[in-house]
Number of protein chains: 2
Amino acid sequence: MLTLARATGQGTNLALVKRRRISTETIARLPLYLRCLNEINAGQLTCSSDELAAGVGVNAAQVRKDLSYFSPPGVRGVGYRVDALRDLLRTELGLTEKHRVAIAGVGNLGRAILLYPGCTDAGFDIVVAFDTDPLRIGATLNGIVVDDIANLERVVREKAVTIGIIATPAGAAQAVADRFVAAGVRSVLNFAPSVLKLRSDVQVRRVDLSTELQILSYHQGQLG
Amino acid sequence: MLTLARATGQGTNLALVKRRRISTETIARLPLYLRCLNEINAGQLTCSSDELAAGVGVNAAQVRKDLSYFSPPGVRGVGYRVDALRDLLRTELGLTEKHRVAIAGVGNLGRAILLYPGCTDAGFDIVVAFDTDPLRIGATLNGIVVDDIANLERVVREKAVTIGIIATPAGAAQAVADRFVAAGVRSVLNFAPSVLKLRSDVQVRRVDLSTELQILSYHQGQLG
DNA sequence: TAGATTGTTAATCGATTAACAATC
DNA sequence: TAGATTGTTAATCGATTAACAATC
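Residues numbered from 1 in each chain as written. Chains lettered and ligands numbered in written order. Predicted model: local features only at pLDDT ≥ 70, side-chain atom pairs only at ≥ 80, totals over all residues. Heavy atoms only, no water.

Caption draft 1: Region of the structure containing the relation of the copies chain A and chain B. Mapping chain A onto chain B calls for a rotation angle of 180° and an axial translation of 0.0 Å; the resulting RMSD is 0.0 Å. Such a combination of turn and shift is consistent with a two-fold rotation axis. Looking at the interface residues of chain A, 100% of them are also at the interface in chain B, so both copies use one shared face. (Least-squares fit on C-alpha atoms with pLDDT ≥ 70 in both. Contact = heavy atoms within 4.5 Å.)

Rendered as structure tokens:
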């Protein structure tokens, strides 16, 4: 699955024809294209790369290039069929599958994530929440009973969790991440202000409020 | 301030010697280097680019290149002086100034941000919160009285807000952003799931939970 | 057919990394 | 001096964009 397969030119090797590594930049734009498509009026059957580009804030050539990796339902002179492209992106993004999500840490941020509609919306099921605080363990949040983090490995395995969200203090983040990975999780979303070191086959995304503020702070200093 | 100045070779034009545009990628790593430095034991006086690279998960050459834009306190054969480099990064990031922050939307996410210690920690003062909901207006959160968003322009001006955080539903985000900008805000942190279109002199950072989950979903599909 | 717009190649641009002289 | 490590140049790599043939 990780190898780069190319057309053999013999025409028989169809299953192998399409396997190239697509950049994270491209992948990160797909949800934005999808969102843009979802905002299009039901009566509009096609949309152009120009329209998608405007909606997402990128170049139209970028849109066509990004979509070209996925044999998109584009018609020259016409545009992309909205429905078909939406379905394609959903499929490619794996949104036709349910994802079972665990969240570690139910402080203010963890609770906000747990209650965030965007999660449950698109096929992401938060199936368990963990904390260390005896005052929080056993509480019910959004239908989830907060479990003792001591049970992490067992529960993550039992519930077949595929995505782990880390909303612990920075000091605990690495250890919790390691435990997620040991329990089989291969996708981690890290809200703690720390850079996680994990195996290269584990996908980590970082969402870091204080870093974002500091970047804005830099640009404040560059104004006028 | 936006022009590219170069050394004249005459030696007199010192004020203009150092002005180049530094990439957002580089700027975005500075807070990580700073955090890494803050975690270093007080007894350790210097640190190498290797050590910073390991802490931040990048190449050591990258670290040296990034820091080289700021005349860092590095000594060949020795490393960077920890204290001096920390001070330098704080200064360059503008963290020696106070930033006055407004937040629009005090739903679950807005409240979590308001209560997030990382904000207040590093010189970011949340000075006002806005909402449309009469049930929320007037409530006190973390010492801030929630104001009616109808007053946004006036209050943002009065309190000299420099950074606006958007934690509204997606449908309101663009309008609120436009109002922030009209009131003089030039840095916006957008937590709503939408791509804002703003003047090019306004710096926008997007933090988008559902997009992040979808990116992880894609990579789940690529696993073995 | 003329006009529109994709798909794709090639050019450009910019970021990362390797390499190494400078120098502590 | 020998060893270490920065600062910086040049090489590499990869992403974005322009251009245009294909084609509806």
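Caption draft 2: Representation of the protein's contact with DNA strand C. The immediate surroundings of DNA strand C are formed by 24 residues, with Ser48, Ser49, Arg64, Gly77 and Tyr80 of chain A found nearest. At the protein interface, 63% of the atoms of DNA strand C within 4 Å belong to sugar or phosphate. At 3.3 Å from a sugar or linking oxygen of DNA strand C is found a side-chain nitrogen or oxygen belonging to Arg76 of chain A. Contacts to DNA strand C include Arg64 of chain B, whose side-chain N or O atom sits 3.2 Å from a base nitrogen. Considering each element in turn, the surface near DNA strand C owes the most residues, 4 residues, to helix α4 (residues 60-68) of chain B. Partitioning the surface near DNA strand C into residue classes produces 7 nonpolar, 9 polar and 8 charged. (Near = heavy atom within 4 Å. Polar contact = N/O pair within 3.5 Å; in protein donor to acceptor, adjacent residues only side chain to side chain. Helix = DSSP H or I, 4+ residues; strand = E, 2+ residues; numbered from the N terminus. Nonpolar A, V, L, I, M, F, W, Y, C, P; charged D, E, K, R; others polar.)

Caption draft 3: Quick peek at the interface of chain A and chain B. Taken together, the contacts link 59 residues of chain A with 59 residues of chain B. Buried area between chain A and chain B, both sides added, is near 5,600 Å², and the carbon and sulfur share of it is 66%. For the interface between chain A and chain B, the tally reads 4 salt bridges. With a closest N to O distance of 2.8 Å, Asp208 of chain A and Arg35 of chain B form a salt bridge. The set of elements that each furnish at least two residues to the side of chain A that touches chain B consists of α2 (24-38), α3 (49-56), α6 (108-115), α7 (117-121), β8 (163-166), β9 (187-190), β10 (203-206) and α10 (209-222) of chain A. Broken down by element, the residue count for the side of chain A that touches chain B peaks at 13 residues, all from α10 of chain A. A class-by-class count of the residues in the side of chain A that touches chain B yields 32 nonpolar, 17 polar and 10 charged. (Buried area = accessible area lost by both parts, 1.4 Å probe. Salt bridge = Lys/Arg side-chain N within 4 Å of Asp/Glu carboxyl O.)

Caption draft 4: Structural detail: the protein's contact with DNA strand D. Neighbouring residues of DNA strand D: 24 residues in total, closest Ser48, Ser49, Arg64, Gly77 and Tyr80 of chain B. Counting only the atoms of DNA strand D within 4 Å of the protein, the fraction contributed by sugar and phosphate is 63%. Gln62 of chain A places a polar side-chain atom, nitrogen or oxygen, 3.2 Å from a phosphate oxygen of DNA strand D. Ser49 of chain B places a side-chain nitrogen or oxygen 2.6 Å from a phosphate oxygen of DNA strand D. Elements supplying a minimum of two residues to the surface near DNA strand D: α2 and α4 (60-68) of chain A together with α4, β2 (74-75) and β3 (79-81) of chain B. Residue contributions to the surface near DNA strand D peak at 4 residues, all from α4 of chain A. A per-class count over the surface near DNA strand D returns 7 nonpolar, 9 polar and 8 charged.

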